[in-house]
Amino acid sequence: VNISPHVSDELLSAYVDGVVAGEEAVAAGTHIFSCADCSRRLELLRATRAAVQSLPVEALPRPIDLAFLGGDGAATNAERRGFFAWLGRRPPAWLAPVASAATVLALLVALAPGIHVTPGASTVGTGQRQISAGLGSGGVEPRGALASSAPGATSNQKNFEQGVAPLAAAPVPRPYQVSSQFPAAGGTTLSLAASPASARVSQSVQLTVTATGGDSDKNLSSRGLQLYARHGTAETALGGVSGSGETSTLRSHEQLTFNISWTAGGNSGSGSYTLIARLFLADGSVLEVQLAYTVG
Amino acid sequence: MDDAELLELSRRGDGPSFGVLIERHQAALYNLALRILGDRQDALDALQDACVKAWRGVADQRGGAFRSWMSSIVARTCIDRIRARHPTDSLDDEEGRVIPLPDREPGPEVQALAHDRVRSIERGLKALSAEQRAIVLMRDLNGLSYEEIASGLGVPLGTVRSRLARARGRLQMELLRVDPGILEAQA
């Protein structure tokens, strides 16, 4: 192959991509090696490609609306593959005597050492470590800012503030159930705190969700960290942090904290609520923590 | 479950499987749309349209990775949207009449990551035609192969090679004009 007088732009571009083969590749490489002009052109072309590749990944303003998939696909997607997959399975033998998963959860919380339940506060659930193993440390203290229970979780703390809860999200049509069989999450924990511990209708409540990385980095799905309020069978999304860009990964022993102001009761009025935080991982699993909350 | 398995289920009409695929890749697809269109709301709308189109056509999807297939649909959807706004421009114009992209305020990610550099690269991309932008971004941002781009855009392989070279050349020229330091920093 004759390269004369220089490597063409088209060949150089293909050469940068490594899609030139055989004699053509040898001829191009030989010429570039011996030609200062073409070496410089190659360098600039690589830099141009690197510039495009260096563009930061931006988070979606909101997730794609999957309503077009129809009822089954729109209501659930990642959850069905991970968190809800267990619903279709037979429960393990040790669960058999227990009436409901929620009861199991409450029992595990009550039995687990190191869990701090503030008197008068109604904590029904806690992080992955406690739920899956039943013997973890740490827990939920609904009265104030919550420090992570994970040891050494002090570096790279990220905080995300959101002043007003977007309550426009459609309620999830089927009630969530709590799994006691989370996929192994390598010590990743999730906690949820509300302040004050109970509220009047329309009172502003400060909610804090903290995800703490475990033994290894965990990639988050695009849904990231999300917060919900359940009242009866209706569940409303309160907001969250999209799992992309800066928050695409929960790093080992890192804390990801999300603060949101919730108007207690919203449009549903007084009653018993369940506040729910979910951390959606890229492998399809979901970590969940629940907090019973009374709006008077 | 990997993409290929989910795609096979999607072909048989399994909506939740398709939803998982969308969720898994929506960030990359959104960023492709964002860089072609230059506007966040436009990009989100285009991605939404592309997802609906893809779901309607997934039964006929034959082979290839989901992300590549979906990237092509997103790119075509974005080009169509630009065409709709500027109907007098010809897609076959190899030199590509430049359709101005709107300026936009940088998001927090951009602010955090060398704002000036990012804006300069965005300005460079704006100097390209919609199709040139699409082909550069499909290759360099989303990592599609020449074959995948050719299949996705419905053009011969040689055309991909020549158009990509022209687009890169034009982008390089623009970057050297607006901020030569960018290429030196990347080199």
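These numbers come from a predicted model, not from an experiment.

What counts and what doesn't
Residues numbered from 1 in each chain as written. Chains lettered and ligands numbered in written order. Predicted model: local features only at pLDDT ≥ 70, side-chain atom pairs only at ≥ 80, totals over all residues. Heavy atoms only, no water. Helix = DSSP H or I, 4+ residues; strand = E, 2+ residues; numbered from the N terminus. Buried < 20%, exposed > 50% of the residue type's maximum accessible area, 1.4 Å probe, protein only. Contact = heavy atoms within 4.5 Å. Areas by Shrake-Rupley, 256 points an atom, 1.4 Å probe, with all protein chains shown as cover. Axes fitted to C-alpha atoms, helices over the stretch in contact; angles between N-to-C directions. Parallel < 35°, antiparallel > 145°, perpendicular 65-115°, else oblique. Left-handed = near helix turned anticlockwise from the far one by under 90°. Nonpolar A, V, L, I, M, F, W, Y, C, P; charged D, E, K, R; others polar. Salt bridge = Lys/Arg side-chain N within 4 Å of Asp/Glu carboxyl O. Core = buried A, V, L, I, M, F, W, Y, C linked by side-chain atoms within 4.5 Å. Polar contact = N/O pair within 3.5 Å; in protein donor to acceptor, adjacent residues only side chain to side chain. Expected span 1.5 Å × (residues − 1). Phe/Tyr/Trp six-rings, centres within 6.5 Å; stacked < 30°, edge-to-face > 60°. Pairing = 2+ DSSP bridges. Buried area = accessible area lost by both parts, 1.4 Å probe.

On a plain count of helices and strands, chain A comes out with 7 helices and 9 strands. Put simply, chain A has 296 residues, and 51% of those count as buried. A fraction of 71% describes how many contacts in chain A between residues 6 or more apart in sequence connect residues 24 or more apart. Approximately 12800 Å² of chain A is accessible, and the part contributed by carbon and sulfur atoms is 53%.

All names here are of chain A. The N-to-C vectors of helix H1 (residues 9–16) and helix H3 (residues 36–53) enclose an angle of 60°; their axes lie 10 Å apart at closest approach. One element, H1, and the other, H3, form an angle in the oblique class. As for the relative orientation of H1 and H3, their crossing is right-handed in sense. Between H1 and H3, the residues in contact are Asp 9, Leu 12, Ser 13, Tyr 15 and Val 16 and Arg 41, Leu 42, Leu 45, Arg 46 and Arg 49, respectively. For the contact of H1 with H3, the residue count by class is 5 nonpolar, 1 polar and 4 charged.

Residues and elements named next belong to chain A. Across all of its chains, the model carries 19 salt bridges over all chains by this definition. Among the ionic pairs, Arg 41 bridges to Asp 9, the shortest N-O distance being 2.7 Å. Placement of Arg 41 in helix H3 and of Asp 9 in helix H1 is noted, with a sequence separation of 32 residues between them. Residue classification places Arg 41 among the partly exposed residues on the basis of a relative accessible area of 23%. The exposure class assigned to Asp 9 is exposed, which follows from its relative accessible area of 54%. Of the charged contacts in the structure, one is a salt bridge between Arg 40 and Glu 43, with a shortest N-O distance of 3.0 Å. Of this pair, Arg 40 and Glu 43 are both found in helix H3, 3 residues apart, which corresponds to roughly one turn of the helix. Arg 40 gets classed as partly exposed once you look at its relative accessible area, which sits at 32%.

Within the largest apolar cluster, 77 residues are counted, with the highest numbers of intra-cluster contacts made by B:Phe18, B:Met70 and B:Val74. With 12 residues, the single largest contributor to this core is helix H2 (residues 15–37) of chain B. Beyond its immediate chain neighbours, meaning those up to four positions away, B:Phe18 contacts A:Phe68, A:Leu69, B:Ser10, B:Cys51, B:Ala54, B:Trp55, B:Val58, B:Phe66 and B:Trp69. Among the nonpolar cores identified, the runner-up in size contains 30 residues, and A:Leu256, A:Leu275, A:Ala277 and A:Leu287 belong to it.

Taking burial as the measure, the 11 residues of helix H7 (residues 130–140) of chain B include 11 buried ones, the bulk of the element. Residues B:Ala130, B:Glu131, B:Gln132, B:Arg133, B:Ala134, B:Ile135, B:Val136, B:Leu137, B:Met138, B:Arg139 and B:Asp140 constitute the buried set of H7(B).

This next bit is on the side chain of B:Asn31. Looking at the element boundaries, B:Asn31 is found in helix H2. Within the structure, B:Asn31 has its side chain in polar contact with the backbone nitrogen of A:Glu58 (distance 2.7 Å). Other than its neighbours up to four places away in sequence, B:Asn31 contacts A:Pro56, A:Val57, A:Glu58 and B:Leu141.

A few words on the environment of B:Glu174. Residues and elements named next belong to chain B. Topologically, Glu 174 is positioned in helix H9 (residues 157–178). Sequence-wise, Glu 174 and Ala 127 are 47 residues apart; in three dimensions their C-alpha atoms are separated by 7.0 Å. When residues no more than four places from it in sequence are discounted, the contact partners of Glu 174 are Arg 123, Gly 124 and Ala 127. At 2.5 Å, the side chain of Glu 174 and the side chain of Arg 177 are in polar contact.

Moving on: helix H2 (residues 22–34) of chain A. The terminal C-alpha atoms of H2(A), which comprises 13 residues, lie 19 Å apart, in line with the 18 Å expected from a rise of 1.5 Å per residue. Close packing links the buried residues of H2(A) with H1 and H3 of chain A.

Let us look at the packing of aromatic side chains. For the coordinates displayed, the defined rule picks out 5 aromatic pairs over all chains. For the pair A:Trp262 and A:Tyr273, a centre-to-centre distance of 5.5 Å together with 70° between the ring planes defines the contact as edge-to-face. Residue A:Trp262 is located in strand E7 (residues 254–263), and its partner A:Tyr273 is located in strand E8 (residues 271–281); the two are separated by 11 residues in the primary sequence. Exposure remark for A:Trp262: the relative accessible area of 2% places this residue in the buried category. When its relative accessible area of 4% is taken as the criterion, A:Tyr273 is described as buried. Here the aromatic rings of A:Trp262 and A:Tyr293 are separated by 5.9 Å at their centres, their planes lie at 70°, and the arrangement is edge-to-face. Taken together, the residues span a long stretch of sequence, with A:Trp262 in strand E7 and A:Tyr293 in strand E9 (residues 286–295) at a distance of 31 residues. By way of ring pairs, the aromatic residues B:Phe18, B:Trp55, B:Phe66 and B:Trp69 are connected into one cluster.

All names here are of chain A. Within E7, 9 of the 10 residues are buried, which leaves it mostly tucked inside the rest of the structure. In the sheet, strand E3 (residues 204–212) pairs with E7 via 9 bridges, with the strands oriented antiparallel. Residue Val 205 lies in a different strand from E7, and its bridge partner there is Trp 262.

Contact with chain A, which involves 44 residues of that partner, is made by 56 residues of chain B. Between chain A and chain B lies a buried interface of about 4300 Å² when both sides are counted; carbon and sulfur atoms form 62% of it. Seen at the junction of chain A and chain B, the total is 5 salt bridges. Between B:Arg161 and A:Glu10 there is a salt bridge, with the nearest N and O atoms lying 3.5 Å from each other. Linking chain A with chain B are 11 residue pairs in polar contact (both at pLDDT 80 or more). For the side of chain A that touches chain B, the elements supplying multiple residues, two or more each, are H1, H3, helix H4 (71–75), helix H5 (78–81) and strand E4 (218–231) of chain A. Looking at the side of chain A that touches chain B residue by residue, the classes come out as 21 nonpolar, 9 polar and 14 charged.

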